Amino acid sequence: MSHKLQVGEMKAKYLTDKEIWGHFNYIFSSKSKNSTTYKFVLIKSILENLYNFNEKLEINYSTLFASFAKIYWNLVIHHNLNQINMTGKKAEVQKILLAVQSKYQIPNTLVFDKLSEELQVEIINKVKRKCKVNVMGAIYGDTACTIYDFDNQKEQLKLNSTFFSFMQRFQRVLNYLTNYHLALFLEKFNEKGDTTNLLLKVENVSRRSSLDQFYQVLSSYYNGKCFYCGKVIRKQHAHVDHFIPWSFVQADQLWNLVIACSACNLSKNDKLASKIFLEEIIDRNDKLLSIPELRKRGDMQVYTSKKLKDLYYYSRENGFTDIWTPKKIII
Ligand SMILES: [Zn+2]
């Protein structure tokens, strides 16, 4: 089968865990054609968007490739890492990004989220146009045409529901596995100097440098109190906290972010807040959804309270069993 296939339909409805593990084993093995890092970065992009799929388990390419382009910008420009298994050559995505960098004279120090919004959109569109042709058909072929439907014309992907459930249940280990294989590839085809702390670079390649833009949105609807302990906090001491830890979701969605005092934010760290806060954040999100301009946001459009409850449940299933509560709650 050609990896340049432009439309693909799922050839199976139900997949067992064993079959899906088999597909991942194949993708990560030397049997699969991995001349570039495309497949690893597509899997990372799907994992990062797991809670951005709609109820029919569909996602548009603009959302998916926003992650894909961001990850590549940070790997190629910020970390200077080659993405193809040949020295002296460059993967298509590298050529696109290096051309943009040179056109606007952007320094290597700038991570993707520091670029202007217009420039981000320009990069996402360029990367999407070029990479969808090679990327979408490749994983589809590697997994015996079972894990998703894709249509490069409509620019839409639809996940197999058993595959989606698998990804929810094994999200954490799939993240580790993908990062590990991506780092292994990069180590082989890069100069020694660039591969220092490689796994750490790969693990953090999706992380935003600042949550300021979310603070701006949240603070307009914020009562001046810490979401967890209720303490009145001054703006300069307010932190934006991922309710479900970032290390699990690997994404920033408004419905998963709250304003917390620094004591709560620092002591909560990578832990899951106790269940009473789950009910509270669901109420908070209902309030956000009643504001017309917030309802229009991409992340809020796909939000449902069930999604957040699922995320809470699956983060526990994935090993986030250390439950946190604030020291003292002020009512
Ligand atoms: Zn607090």
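What you see is a predicted model, and the numbers here were worked out from it, not measured in a lab.

A. Representation of the packing of helix α2 (residues 38-48) against helix α3 (residues 61-78). Where α2 meets α3, the closest approach of the two axes is 9 Å, and the angle between their N-to-C directions is 125 degrees. When the interaxial angle is binned, α2 and α3 end up oblique. In the crossing of α2 with α3, the sense of the turn from one axis to the other is right-handed. Taken together, the residues of α3 that come into contact with α2 (itself represented by Tyr 38, Val 41, Leu 42, Lys 44, Ser 45, Ile 46 and Glu 48) are Leu 64, Ser 67, Phe 68, Lys 70, Ile 71, Tyr 72 and Leu 75.

B. Geometry of the UniProt feature "domain: HNH nuclease" (unreviewed entry) in the protein. Under the local residue numbering, the UniProt record ascribes the feature "domain: HNH nuclease" (unreviewed entry) to residues 213-266. Secondary structure content for residues 213-266 is 31% helix and 19% strand, and the end C-alpha separation is 20 Å.

C. Region of interest: the domain arrangement of the protein. On domain assignment, one finds that the protein holds domain 1 (7-203) and domain 2 (212-324). Put simply, the middle of domain 1 and the middle of domain 2, counted by C-alpha atoms, are 27 Å apart. Contact residues are listed per partner, giving 15 residues for domain 1 and 17 residues for domain 2. Summed over both partners, the interface of domain 1 with domain 2 buries about 1400 Å², with 46% contributed by carbon and sulfur atoms.

D. Just the sheet that holds strand β3 (residues 148-151), in detail. Spatially, β1-β3-β4-β2 is the arrangement adopted by the four strands of the open sheet, whose pairing is antiparallel. Either end of the sheet is taken by a strand with one partner, and the two such strands are β1 (7-8) and β2 (58-60). Where β3 meets strand β4 (residues 156-159), four bridges bridge the pair, whose relative direction is antiparallel. What sits directly across from Tyr 148, in β4, is Leu 159. Together, β1, β3 and β4 form the strand contacts of helix α5 (residues 117-142), whose direction differs from that of β3 by roughly 155 degrees.

E. Spatial organisation of the coordination of the zinc ion. Taken together, Cys 226 (SG), Cys 229 (SG), Cys 261 (SG) and Cys 264 (SG) make up the full set of protein donors to the zinc ion, lying 2.3 Å away. Coordination at the zinc ion is tetrahedral, judged from the four donor atoms that bind it and the angles of 103 to 113 degrees they form at the metal. Each donor residue of the zinc ion lies on the same chain, and together they follow the pattern C-x2-C-x31-C-x2-C. Here Cys 229 is found in the loop between α9 (212-220) and β5 (238-242), whereas its partner Cys 264 is found in helix α11 (residues 262-268), with 35 residues between them in sequence. The residues Cys 229 and Cys 264 share a single accessibility class, namely buried.

What counts and how
- Residues numbered from 1 in each chain as written.
- Predicted model: local features only at pLDDT ≥ 70, side-chain atom pairs only at ≥ 80, totals over all residues.
- Heavy atoms only, no water.
- Axes fitted to C-alpha atoms, helices over the stretch in contact; angles between N-to-C directions.
- Helix = DSSP H or I, 4+ residues; strand = E, 2+ residues; numbered from the N terminus.
- Parallel < 35°, antiparallel > 145°, perpendicular 65-115°, else oblique.
- Left-handed = near helix turned anticlockwise from the far one by under 90°.
- Contact = heavy atoms within 4.5 Å.
- UniProt positions renumbered as here; feature names shortened; annotations may be inferred.
- Domains from an automatic or database assignment.
- Buried area = accessible area lost by both parts, 1.4 Å probe.
- Pairing = 2+ DSSP bridges.
- Donors = N, O, S within 2.8 Å, 3.2 Å for Na, K, Ca; no water.
- Tetrahedral: all angles 85-135°; square planar, octahedral: opposite > 155°, others 65-115°.
- Buried < 20%, exposed > 50% of the residue type's maximum accessible area, 1.4 Å probe, protein only.

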